[in-house]
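# Chains, contacts and geometry: an overview
Below are the chains, spelled out letter by letter.
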Amino acid sequence: MKFKATTLHMMICVAFMIMTNVTTAFAQKYRVAACDWMMLKRQKLGEFQLAKTIGADGIEMDMGPLGKRPQFDNKLRDRHFQQLFRHTADSLGIEVPSVAMSGFFAQSLITRDNWRDLVADCLKTMDVMGAKVAFLPLGGSGREWQTMTGEPYNTLVARLHEAGEMARREGKIIALRTGMDARHTKRMLADIDSKGVKAYFNLQDAVDQGLDPSTELRILGRRRIAQIHASLTDSVTLDRDTRIDMPAVKRTLDRMGWSGWLVVERSRDVSRVRDVKYNFSTNVAYLKRLFQEKETINKN
């Protein structure tokens with residue numbers, strides 16, 4: 001009897017381990033956020049309630065406008081706003097997975113003299129909101145560097161290496177939107193050579209260039225992708241957009257073993273482009289239905 005009991009116990013343990021592994025295989029974490037500046041709530045306290053209203057899990061908070069200013073127009077340097085924003089986010093259960101330096105859509109990281117100060121400001125703001133990823137678009141740096149040779153490219157790579165090391169020392173990631181295809185982005189990340197720099201994959205960039213997003217994701221690889229902007233240029237909401245096979249993107253990410261935040265930036269219905277609640281709630285609901293449904297089933 002003792003032998004049988006021991007054998008039965010071992011069989012139960014093995015079965016439990018198998019079930020746990022199966023559950024883990026399916027229980028990938030995909031969470032959905034939205035960009036505050038695209039919802040016309042850039043660093044406004046109401047962004048957290050709006051995120052709650054549209055059903056998002058989080059907000060990608062912007063650092064504020066830059067333009068000709070020496071610094072971002074950033075409220076979160078003020079202790080009063082730090083406490084107010086963090087308390088409001090926590091009370092509503094809204095996370096801030098990333099902070100965006102959207103000012104670099106128009107400003108050049110190559111020619112900006114105080115770029116270190118701007119990066120440091122972003123990293124401090126991330127501390128306030130508990131964010132681990134900084135979104136850094138390179139659109140304002142022109143196109144000359146995209147030849148991946150010459151002084152502009154070398155300067156950009158050197159600055160991004162230093163910025164990445166600043167982030168790495170604090171356990172954070174700077175995620176780049178390069179605007180280039182996956183092969184060139186992969187090569188650029190190798191040249192930057194910092195564990196503090198990864199890619200911020202944008203579905204829009206792949207689709208607009210006539211590339212297959214799933215193929216691009218596989219080329220980049222799981223470990224190089226910090227976050228994903230899961231939206232396209234404005235036309236229709238994501239659930240009705242025939243330009244992309246989102247279920248195929250989901251299957252690709254599952255197979256890659258990637259997990260993380262999907263952030264809605266655009267995909268607004270052009271006939272209702274100013275209807276923030278409609279566009280963002282529709283896109284968030286679609287992504288949650290597609291990416292989180294299996295997780296819910298397995299948890300139950």
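Please read all numbers here as calculations on a predicted model, not as lab measurements.

The rules we used
Residues numbered from 1 in each chain as written. Predicted model: local features only at pLDDT ≥ 70, side-chain atom pairs only at ≥ 80, totals over all residues. Heavy atoms only, no water. Axes fitted to C-alpha atoms, helices over the stretch in contact; angles between N-to-C directions. Helix = DSSP H or I, 4+ residues; strand = E, 2+ residues; numbered from the N terminus. Parallel < 35°, antiparallel > 145°, perpendicular 65-115°, else oblique. Left-handed = near helix turned anticlockwise from the far one by under 90°. Contact = heavy atoms within 4.5 Å. Nonpolar A, V, L, I, M, F, W, Y, C, P; charged D, E, K, R; others polar. Expected span 1.5 Å × (residues − 1). Buried < 20%, exposed > 50% of the residue type's maximum accessible area, 1.4 Å probe, protein only. Arc of directions from axis to C-beta. Polar contact = N/O pair within 3.5 Å; in protein donor to acceptor, adjacent residues only side chain to side chain. Salt bridge = Lys/Arg side-chain N within 4 Å of Asp/Glu carboxyl O. Phe/Tyr/Trp six-rings, centres within 6.5 Å; stacked < 30°, edge-to-face > 60°. Lys NZ or Arg CZ within 6 Å of the ring centre and 35° of its normal.

One can describe the packing of helix H8 (residues 213–220) onto helix H9 (residues 246–256) by two numbers: an axis separation of 9 Å at closest approach and a directional angle of 15 degrees. One finds that H8 runs roughly parallel with respect to H9. Remark: the crossing between H8 and H9 carries right-handed chirality. Note on element contacts: H9 touches H8 through Ala-248, Val-249, Thr-252, Leu-253 and Met-256, opposite Pro-213, Ser-214, Leu-217 and Arg-218. Looking at side-chain class alone, the contact of H8 with H9 contains six nonpolar, two polar and one charged residues.

Bringing the packing of helix H3 (residues 79–92) against helix H4 (residues 115–129) into the picture now. Look at H3 against H4: their axes get within 9 Å of each other, and the N-to-C directions meet at 45 degrees. On the basis of their axis angle, the class for H3 and H4 is oblique. Contacts from Gln-82, Phe-85, Arg-86 and Ala-89 in H3 reach Asp-127, Val-128 and Met-129 in H4. Class assignment for the residues of the contact of H3 with H4 results in four nonpolar, one polar and two charged.

Once that is clear, we can look at H3. Helix length check: H3 (14 residues) gives 20 Å between terminal C-alpha atoms against 20 Å at 1.5 Å per residue, within 8%. Taken together, the buried positions of H3 are occupied by Phe-85, Thr-88, Ala-89 and Leu-92. Taken end-on, H3 shows its buried residues confined to a sector of 95 degrees, consistent with a single buried face. Projecting away from the buried face of H3 at angles above 90 degrees are the exposed residues Arg-79, His-87 and Ser-91. The residue sitting at the N-terminus of H3 and contributing the capping side-chain oxygen is Asp-78; that oxygen lies 2.7 Å from the backbone nitrogen of His-80. Count one or two residues on from H3 and you reach Gly-93, which has phi positive near 70 degrees.

What follows concerns the pattern of salt bridges. Going through the model one piece at a time under the given rule, you end up with 18 salt bridges. Residue Asp-62 pairs with Arg-42 through a salt bridge whose shortest N-O separation is 2.7 Å. A residue pair is termed long-range when its members are at least 10 positions apart, and Asp-62 in strand S2 (residues 58–62) and Arg-42 in the loop between strand S1 (30–35) and helix H2 (47–54) qualify at 20 residues. The partly exposed category is assigned to Arg-42, whose relative accessible area is 30%. One network of salt bridges, with partners in common, ties together Asp-127, Glu-170 and Lys-172.

On to the packing of aromatic side chains, then. The description of an aromatic ring pair uses the distance of the two centres, along with the angle that the planes make with each other. Applying the stated criterion to the full structure yields eight aromatic pairs. Residues Tyr-30 and Phe-291 carry aromatic rings whose centres are separated by 5.1 Å and whose planes lie at 70 degrees to one another, so their mutual orientation is edge-to-face. Here the residue Tyr-30 occupies a position in strand S1, and Phe-291 occupies one in helix H10 (residues 276–299), the gap between them amounting to 261 residues. The burial state of Tyr-30 is the same as that of Phe-291; both residues are buried. Above the ring of Tyr-278, the side-chain terminus of Arg-272 is found at 3.7 Å from the ring centroid.

Our next topic: the environment of Glu-60. Following the sequence through the fold, Glu-60 ends up in strand S2. The class of Glu-60 is buried, set by a relative accessible area of 0%. Separated by 27 residues in the primary sequence, Glu-60 and Ala-33 place their C-alpha atoms 6.5 Å from one another. Ignoring sequence-local partners within four residues, the contact set of Glu-60 consists of Ala-33, Ala-34, Cys-35, Asp-36, Trp-37, Ser-98, Ala-100, Phe-135, Tyr-200, Gln-227, His-229 and Val-263. A polar atom in the side chain of Glu-60 sits 2.5 Å from the side chain of Tyr-200.

The values reported here are purely geometric and, on their own, carry no functional implication.
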